[in-house]
Amino acid sequence: SQMNRTHGYRTYSDLLNDMFTEERTSSNHFIANPPANILESESDFRIELAAPGFEKSDFRIDLDKKLLTISLEKKMDENEDEKYNLKEFNFNSFNRSFRISDKIDTEKINAVYKNGLLQLTLPKREEAIEKPAREIKIS
């Protein structure tokens, strides 16, 4: 829609595609993925993954060029007496990848795992942060 463009409105998906997009794993194998939130502030993006019951050391976060991959490998203790017929919430491995744009300062990405939430902060580069409008005085 041409009108929207001129006024500078952007859809959520435009925004995500601009900053980073999630790379889908191929559909022929199923990996249970933890739910994720993606939040944006003026200065950064945050990816939050709900993955309770793990240790910090169970996660692995890799950045290869522009591909950020969050993965988990956990050896589960299976209880021999109980067999699961359906086991949905006890995922012990997953892999989520996000392709990051040049607007993110990859040197400053950091991650914290606390209270079952893995939170990554992806700061925007200085030049990608929108500055508030200001009046320029004539000297």
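## Quick notes on the pattern of salt bridges
Overall, the coordinates contain seven salt bridges when judged by the stated rule. Across the pair Glu40 and Lys124 runs a salt bridge, and its minimum N-O distance is 2.5 Å. In this pair, Glu40 sits in strand S2 (residues 36-40) while Lys124 sits in the segment after strand S8 (117-123), placing the two residues 84 residues apart along the sequence. Overall, Lys124 belongs to the buried group, its relative accessible area being 10%. Residue Asp62 pairs with Arg60 through a salt bridge whose shortest N-O separation is 2.8 Å. Look at Asp62 and you get partly exposed, because its relative accessible area is 27%.

## Here's the deal with the confidence of the model for the chain
With 64% of its residues at a pLDDT of at least 70, the chain reaches an overall mean of 77. Low pLDDT, under 50, characterises residues 1-7; the predicted model gives this stretch two contacts beyond four residues in sequence or across chains.

## Section: the sheet that holds strand S3 (residues 44-50)
The four strands are arranged S2-S3-S8-S7 in an open sheet whose pairing can be described as antiparallel. Bordering the open sheet on either side are S2 and strand S7 (110-114), each of which pairs with just one other strand. With direction set aside, neighbouring strand axes in the sheet form an average angle of 15°. One ladder, built from seven bridges, connects S3 with S8; its direction is antiparallel. For Arg46, the partnering residue across the bridge sits in S8 and is Thr121.

## Thoughts on the environment of Pro35
Mapping Pro35 onto the fold places it in the loop between strand S1 (20-23) and S2. The spacing of Pro35 and Ala51 is 16 residues in sequence and 8.1 Å in space, taken between C-alpha atoms.

How each quantity is defined
- Residues numbered from 1 in each chain as written.
- Predicted model: local features only at pLDDT ≥ 70, side-chain atom pairs only at ≥ 80, totals over all residues.
- Heavy atoms only, no water.
- Salt bridge = Lys/Arg side-chain N within 4 Å of Asp/Glu carboxyl O.
- Helix = DSSP H or I, 4+ residues; strand = E, 2+ residues; numbered from the N terminus.
- Buried < 20%, exposed > 50% of the residue type's maximum accessible area, 1.4 Å probe, protein only.
- pLDDT = per-residue confidence, 0-100.
- Contact = heavy atoms within 4.5 Å.
- Pairing = 2+ DSSP bridges.
- Axes fitted to C-alpha atoms, helices over the stretch in contact; angles between N-to-C directions.

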